[in-house]
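Given next are the chains, with one letter for each unit.
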Amino acid sequence: MVDLLLAVRGLNKQFRSGTQSVSVLSDLSLQLGRGESLALTGRSGSGKSTLLNILCGLEKPDAGRIQVLEEVFDSRKPAGSRQAEARWAALRRRQIGVVFQEANLMPALSLLDNVRLRARLAGQADDKCEDWMERLGIGELADRYPDQVSGGQRQRAALAMVFAMKPALILADEPTGSLDRHTAEAVTRQLFDLQARHGCGLILATHDAELATRCNHHLDLGHQPET
Ligand SMILES: Nc1ncnc2c1ncn2[C@@H]1O[C@H](COP(=O)(O)OP(=O)(O)OP(=O)(O)O)[C@@H](O)[C@H]1O
Ligand SMILES: [Mg+2]
């Protein structure tokens, strides 16, 4: 049996707009083992980004239990949630690498310094950072600042940051969404290579059906039960 990395049970999330409540995630459960990958698909607005945000603690579910490694977050146990923010922050610093639709880079630091900072915060050596940028095809942009590069280049810098921190779990929201097909293929290869080499888990939100078939598991949020 694979070593369990993530276990989610009974997750519910609603958003209120005005007087109306819209159910985005309803009684969702999933599990992921170390070294496994899961593709999240579903139409625009089906809740892929919301789920990824919940799985790294940036969004709170209305109900549900989430276990990441040894940490348990249970909405029914308020006592256990007292230091939840700090526990989620520690997980994001060392164990959960996130690549979101909007790359989260420090504007005052060069791309390379962004990657180095991420590695150091995760307690990793920062001597491989240039190498990661090279492999992702942005080696020549190391000294540029985030506002001096394109959206796809920023996204690749965000991926280099995740690679440099060597997390146990990678959450990637459309990581190749703003890349041309050739670059997307190269970046995807690096992502799956890294995952295989480090045995980390990978959850990938994507509209790309071919990319979804490369993952071990597939969850289509378009087929969530209606409430
Ligand atoms: N902060 C918020 N307040 C209100 N509604 C929200 C909020 N965030 C997301 N939503 C709504 O929740 C639903 C799910 O959004 P989400 O961003 O998770 O979709 P998605 O599957 O990632 O879509 P896409 O493929 O377009 O990225 C959408 O209907 C969205 O409008
Ligand atoms: Mg999204």
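Note that the coordinates shown come from a computational prediction; the quantities given were computed from them, not determined experimentally.

What counts as what
- Residues numbered from 1 in each chain as written.
- Chains lettered and ligands numbered in written order.
- Predicted model: local features only at pLDDT ≥ 70, side-chain atom pairs only at ≥ 80, totals over all residues.
- Heavy atoms only, no water.
- Buried < 20%, exposed > 50% of the residue type's maximum accessible area, 1.4 Å probe, protein only.
- Helix = DSSP H or I, 4+ residues; strand = E, 2+ residues; numbered from the N terminus.
- Pairing = 2+ DSSP bridges.
- Salt bridge = Lys/Arg side-chain N within 4 Å of Asp/Glu carboxyl O.
- Near = heavy atom within 4 Å.
- Nonpolar A, V, L, I, M, F, W, Y, C, P; charged D, E, K, R; others polar.
- Polar contact = N/O pair within 3.5 Å; in protein donor to acceptor, adjacent residues only side chain to side chain.
- Contact = heavy atoms within 4.5 Å.
- Axes fitted to C-alpha atoms, helices over the stretch in contact; angles between N-to-C directions.
- pLDDT = per-residue confidence, 0-100.

Moving on, we come to the pairing of strand S3 (residues 37-41). Regular strands place their side chains on alternate faces of the sheet. Counting buried residues along S3, 5 of its 5 residues qualify, which places the element largely inside the surrounding structure. Every second residue of S3 is oriented toward a common face, with Ser37, Ala39 and Thr41 on one face and Leu38 and Leu40 on the other, all of them buried. Pairing of S3 with strand S9 (residues 217-220) involves 4 bridges; the strand directions are parallel. Bridging from a neighbouring strand, Thr41 pairs with Asp220 of S9.

Burial of helix H1 (residues 48-55) is extensive: 7 of the 8 residues sit out of reach of the surface. Gly57 sits one or two positions beyond H1 and adopts a positive phi of about 80 degrees.

Moving on, we get to the pattern of salt bridges. Applying the stated criterion across every chain, the model contains 12 salt bridges. With its nearest N and O atoms 2.7 Å apart, the salt bridge here joins Glu71 to Arg87. One end of the pair, Glu71, is in strand S5 (residues 71-74); the other, Arg87, is in helix H2 (residues 84-94), and 16 residues separate them in sequence. Salt bridges here are not isolated pairs; linked through shared partners, they connect Glu185, Arg189, Glu210 and Arg214.

Turning next to the site of ligand 1. In the vicinity of ligand 1, the contacting residues are Phe15, Val24, Arg43, Ser44, Gly45, Ser46, Gly47, Lys48, Ser49, Thr50, Gln101 and His207. The element that contributes the greatest number of residues to the shell around ligand 1 is H1, accounting for 3 residues. Its residues assigned to classes, the shell around ligand 1 comprises 2 nonpolar, 8 polar and 2 charged.

Phi is positive for Asp27, close to 45 degrees, though the residue is something other than glycine. Take Asp27: its relative accessible area is 53%, and that puts it in the exposed class. One non-glycine residue with positive phi stands out, namely Leu69, at about 50 degrees. With respect to the helices, strands and loops of the structure, Leu69 is situated in the loop between strand S4 (63-68) and S5. On the basis of relative accessible area, Leu69 is assigned to the buried category, the value being 15%.

Relative to the helices and strands, Gln195 is located in helix H6 (residues 181-198). Accessibility expressed as a relative area gives 6% for Gln195, which makes it buried. Among the polar contacts listed, one links the side chain of Gln195 to the backbone oxygen of Glu36, at a separation of 3.2 Å. Not counting residues up to four positions away in its chain, the partners in contact with Gln195 are Gly35, Glu36, Ser37, Cys200 and Leu202.

A few words now on the sheet that holds S5. Paired through their backbone hydrogen bonds, the strands of a sheet run either parallel or antiparallel. Spatially, S2-S1-S4-S5 is the arrangement adopted by the 4 strands of the open sheet, whose pairing is antiparallel. Pairing within the sheet leaves two strands with one partner each, and these edge strands are strand S2 (20-33) and S5. On average, adjacent strands in this sheet sit at an angle of 15 degrees to one another, irrespective of strand direction. Across 5 bridges, the pairing between strand S1 (residues 4-17) and S4 is antiparallel.

Attention shifts here to the confidence of the model for the protein chain. Low pLDDT marks stretches whose predicted atomic positions should not be read closely. Scored by pLDDT, the protein chain has a mean of 91; 95% of the residues are at 70 or more. Per-element confidence in the protein chain is highest for S3, whose mean pLDDT is 97, and lowest for H6, whose mean pLDDT is 88.

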